[in-house]
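Working through the structure, step by step
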Amino acid sequence: MEKKKILQILTIPIFLALITIGLFAFGVFPIDHSQGEFVVLGQYEGNGECRKVEVFGDVAYILDKTPQGTGLGLSLIDVSDPSNPMHLGSYFESGIIYDFEIVDNLAYCANMQNGLEILNISDYNNIHRISHYRSGTPIFSVEVVNRIAYIGAGTLGVEILNITNAAAPIRLSSISVDNKATQVKIDDQVCYVIDHGNSFSNIESYNVSNSKTPVKMGEYIIQGVDFFNLQIRDNYLITTDHGEADVGALYILNIEDPTEITEISSFQSNETPFGVSIGESIVYTTEYETGLVAVDISNPNSPKELGRTHEGGEAFDVCYTEGYIYFADGINGLNIMQFNIEDES
């Protein structure tokens, strides 16, 4: 009897150890850290209203208030030295640029008041518009894939343009929505659209393999949830929810089958979430008045907070690339940061 008890005592830890090894091998456990720290490396103050940021190579592209304070324009910032970002050039004609896409030496700007502006940005000292497509309604987003531009054109839905000749865009077709198309994301010939209503938003999917005849595939809707931003990694769609009473959430959705989008999990925000960017196993999201948050998604079924920072501005947008975090912090401009994880052990 005594030998049997000893054998059981010895066997249980070995069995648990084998389970643990197996779970780690299949990526089930989240990162074994409880917290981390954001470290500011450098700052570009700008003109006082940095709202969006994308980074390609050594250049950060931001939307910022114009020096005259009359709208939002596109500015290019040299970030080759993160501790000393330097202004390269800007563009502003009129209106409010709400979104943009950078492809090679061209910037495709969704101007809420003026339609789609296509800019030549090859010469930072002479950024200029080469064409202009007016949709007839405010536009909120633009996505460019394989010489096709997809425009979130509000009540007109999604307008699909052939931009093989960027100087003369040609309209191919459109996707009708019930309310307003406010954001568009393309993944493997599937177009995901936020259809924004008065109190909630749908996420709809369309087959755009034939850009002249898009076909609806599916939709995802939760009453009272106001989806705002879309980011895609592998079979995951990660989106922010503006929510009700200024408190929203981060949603992780499964889009392996675009005809049946399903929820994997959600992470409750402290305030209204805006931007989102996906790192290796961490999602960085902005909460308008409470700052920047790092969320561990190494186990997508159980996201958890790793750390947060509030620099005092209005947390609009974030872009993670090559180990650096670029934080569009409203009146504080652009903050260049890193996130250092503190190991519990």
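To keep things clear, this report deals only with the structure shown in the data block. (Residues numbered from 1 in each chain as written. Predicted model: local features only at pLDDT ≥ 70, side-chain atom pairs only at ≥ 80, totals over all residues. Heavy atoms only, no water.)

Our focus in this paragraph is the pattern of salt bridges. By the definition in use, this model includes ten salt bridges. A salt bridge links Glu49 to Arg51; the nearest nitrogen and oxygen atoms lie 2.4 Å apart. Here Glu287 ties to Arg308 by a salt bridge, and the two come within 3.2 Å at their closest N and O atoms. Here the residue Glu287 occupies a position in strand E23 (residues 282-287), and Arg308 occupies one in strand E25 (residues 304-309), the gap between them amounting to 21 residues. Overall, the relative accessible area of 28% leaves Arg308 in the partly exposed class. Residues joined by salt bridges that share partners form a network here, namely Glu49, Arg51 and Lys65. (Salt bridge = Lys/Arg side-chain N within 4 Å of Asp/Glu carboxyl O. Helix = DSSP H or I, 4+ residues; strand = E, 2+ residues; numbered from the N terminus. Buried < 20%, exposed > 50% of the residue type's maximum accessible area, 1.4 Å probe, protein only.)

As a further point, take the pairing of strand E3 (residues 59-65). Within a regular strand, the side chains alternate between the two sheet faces. The element E3 is largely enclosed, with a buried count of six among its seven residues. As paired strands, strand E2 (residues 52-56) and E3 are joined by five bridges and run antiparallel to one another. Along E3, the bridge assignment pairs Phe56 with Val59. In this structure, the hairpin formed by E2 and E3 is closed by a connection of two residues, where Gly57 is found at a positive phi of approximately 65°. (Pairing = 2+ DSSP bridges.)

So, about the side chain of Glu159. With respect to the element layout, Glu159 can be found in strand E12 (residues 158-162). Reaching out from Glu159, the side chain makes a polar contact with the side chain of Arg171 at a distance of 2.9 Å. Dropping the residues within four chain positions of it, Glu159 is found in contact with Tyr133, Ser135, Ala149, Tyr150, Ile151, Ala153, Arg171, Ser173 and Ser174. (Polar contact = N/O pair within 3.5 Å; in protein donor to acceptor, adjacent residues only side chain to side chain. Contact = heavy atoms within 4.5 Å.)

Here the focus is the environment of Ile252. Tracing the backbone through its elements, the reader meets Ile252 in strand E20 (residues 247-254). Discounting residues that sit within four places of it in the chain, Ile252 has contacts with Tyr236, Leu237, Ile238, Thr262, Glu263, Ile264, Ser265, Ile297, Pro300 and Pro303.

Here the largest pocket defines a volume of roughly 1,100 Å³. Along the wall of the largest pocket there are 42 residues; nearest its centre are Lys52, Glu54, Gln183, Asn229 and Gln231. When contributions to the lining of the largest pocket are tallied by element, the ones reaching two or more residues are E2, strand E6 (97-103), strand E10 (141-145), strand E14 (180-187), strand E18 (227-233), strand E22 (273-278) and strand E26 (317-321). In terms of residue class, the lining of the largest pocket is built from 23 nonpolar, nine polar and ten charged. Considering the residues around the second largest pocket, the lining is formed by Arg233, Tyr236, Ile238, Ile252, Ile278, Gly279, Glu280, Ser281, Ile297, Ser298 and Pro300. Of the residues belonging to the lining of the second largest pocket, the class tally is six nonpolar, three polar and two charged. (1 Å grid on protein atoms, 1.4 Å probe; cavity = no way out; pocket = protein on both sides within 12 Å on 5 of 7 lines; lining within 4 Å. Points joined across faces, edges and corners; volume = space filled by probe spheres on them. Nonpolar A, V, L, I, M, F, W, Y, C, P; charged D, E, K, R; others polar.)

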